[in-house]
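Each chain, written out:
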Amino acid sequence: MQQLPGYSANYSDRIQKLKEGASEGAEGAHPILNVFMEANRDALTSLQSEVSVARLDEAINTIKAAKNIYILGQRRSFPVASYLYYMMRNLDIRAFLLDGVGGNLSEQARLIGDGDVLVVATFPNYADEVIGVAQQARDAGAKVIAMTDKLVSPIVKLSDTYFLTDKVTVSGFRTVTGTMCLAQALAIGLGLDSNQISRT
């Protein structure tokens, strides 16, 4: 993954490449804004073709049937996890955000058990601690719903249901628009169900 064209772990290098490749958009739009608008449009277009009705319904039904819902995303995926948690709590769903505050992620993950579901988002460099929690959840008998970028992602083989999203990068900066949209669809899909279970 680190040998892919344009990859650099250094943000300064990424920004320099972005600066070199940026161009003026329509009607004088700022070149940086234009580049990211294009990338995020591509991400949403890809999401529409990648996510089937059957798979989204499967994920929604898995969440509805769960005793508890645990949500995990680290680093750039954390905003998605936090937003999904916020939405579910406002729908009175028994959801828990595994935020790992104080280095306690593994301790938080010990609560996951049989009949629960873990919703996880992870993208390159695929945080080892996230993959570890997913493995721990499966070993405990929980279902895993994953949001990631490609089939070779290590989270795919650990998941019961997976979605491929946000494959687009701009000079190494990954979009999160598609994943955020997917998270919103999952939460609202639960809210639209007339038999929604109140778990608080």
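Residues numbered from 1 in each chain as written. Predicted model: local features only at pLDDT ≥ 70, side-chain atom pairs only at ≥ 80, totals over all residues. Heavy atoms only, no water.

Within the largest apolar cluster, 30 residues are counted, with the highest numbers of intra-cluster contacts made by Ile63, Ile69, Ile71, Leu84, Met88, Met147 and Phe163. Mapped onto this core, the elements with two or more residues apiece are helix 3 (53-65), strand 1 (69-73), helix 4 (78-90), strand 2 (95-97), strand 3 (117-121), strand 4 (143-148) and helix 7 (177-192). Core analysis: the second largest hydrophobic core is formed by 19 residues, Ala127, Val130, Ile131 and Ile155 among them. (Core = buried A, V, L, I, M, F, W, Y, C linked by side-chain atoms within 4.5 Å. Buried < 20%, exposed > 50% of the residue type's maximum accessible area, 1.4 Å probe, protein only. Helix = DSSP H or I, 4+ residues; strand = E, 2+ residues; numbered from the N terminus.)

On to the packing of helix 3 against helix 7, then. Here helix 3 crosses helix 7 at 55 degrees, and the two axes come no closer than 10 Å. Taken together, the axes of helix 3 and helix 7 are oblique relative to one another. You can see that helix 3 and helix 7 cross each other, and the crossing is right-handed. Counting all contacts with helix 3, which are made through Leu56, Ala59, Ile60, Ile63 and Lys64, the residues of helix 7 involved are Leu182, Ala185, Leu186, Gly189 and Leu190. For the contact of helix 3 with helix 7, a count of residues per class yields 8 nonpolar, 1 polar and 1 charged. (Axes fitted to C-alpha atoms, helices over the stretch in contact; angles between N-to-C directions. Parallel < 35°, antiparallel > 145°, perpendicular 65-115°, else oblique. Left-handed = near helix turned anticlockwise from the far one by under 90°. Contact = heavy atoms within 4.5 Å. Nonpolar A, V, L, I, M, F, W, Y, C, P; charged D, E, K, R; others polar.)

Below, the discussion takes up the side chain of threonine 62. Looking at the element boundaries, threonine 62 is found in helix 3. For threonine 62, the side chain forms a polar contact with the main-chain oxygen of glutamate 58, separated by 2.8 Å. When neighbours within four sequence positions are excluded, threonine 62 is seen to be in contact with Val117, Lys143 and Ile145. (Polar contact = N/O pair within 3.5 Å; in protein donor to acceptor, adjacent residues only side chain to side chain.)

The rolling of a water-molecule-sized probe over the atoms marks out the regions of remaining empty space. Each pocket or cavity is described by its volume, and for the second largest pocket that value is around 170 Å³. Forming the walls of the second largest pocket are 13 residues, and the residues nearest its centre are Arg75, Arg76, Phe123, Pro124 and Asn125. (1 Å grid on protein atoms, 1.4 Å probe; cavity = no way out; pocket = protein on both sides within 12 Å on 5 of 7 lines; lining within 4 Å. Points joined across faces, edges and corners; volume = space filled by probe spheres on them.)

Let us look at the environment of methionine 87. Structurally, methionine 87 can be placed in helix 4. Judged by relative accessible area, which is 14%, methionine 87 ranks as buried. Taking the C-alpha atoms as reference points, methionine 87 and glycine 191, separated by 104 residues in sequence, lie 9.4 Å from one another.

Moving on, we come to unusual backbone geometry. Going from proline 124 to asparagine 125, the amide bond is cis rather than trans, its omega being 15 degrees. Residue position: asparagine 125 is located in the loop between strand 3 and helix 6 (128-139). Of note in the backbone geometry, aspartate 92 takes a positive phi value of approximately 60 degrees without being a glycine. Assessed through its relative accessible area of 38%, aspartate 92 is described here as partly exposed. Its identity is not glycine, yet tyrosine 126 carries a phi of approximately 45 degrees, on the positive side. Within the secondary structure layout, tyrosine 126 lies in the loop between strand 3 and helix 6.

Another aspect to go through is the sheet that holds strand 4. Taken in spatial order, the 5 strands make up an open sheet running 2-1-3-4-5, and their pairing is parallel. At either end of the open sheet lies a strand with only one pairing partner, and these are strand 2 and strand 5 (161-164). Averaged over all neighbouring strand pairs, the angle between strand axes comes to 15 degrees, with direction disregarded. Bridging between strand 4 and strand 5 involves 4 bridges; their strand directions are parallel. What sits directly across from alanine 146, in strand 5, is tyrosine 162. Sheet contacts for helix 6: strand 1, strand 3 and strand 4; angle to strand 3, the most-contacted strand, approximately 160 degrees. (Pairing = 2+ DSSP bridges.)

At a minimum axis separation of 9 Å, helix 4 and helix 7 run at an interaxial angle of 15 degrees. When the interaxial angle is binned, helix 4 and helix 7 end up roughly parallel. For the crossing formed where helix 4 meets helix 7, the hand is right-handed. Here helix 4 contributes Pro79, Val80, Tyr83, Leu84, Met87 and Met88 to the contact with helix 7, which in turn contributes Thr179, Met180, Ala183, Gln184, Ala187, Ile188 and Leu190. Residues of the contact of helix 4 with helix 7, tallied by class, amount to 11 nonpolar, 2 polar and no charged.

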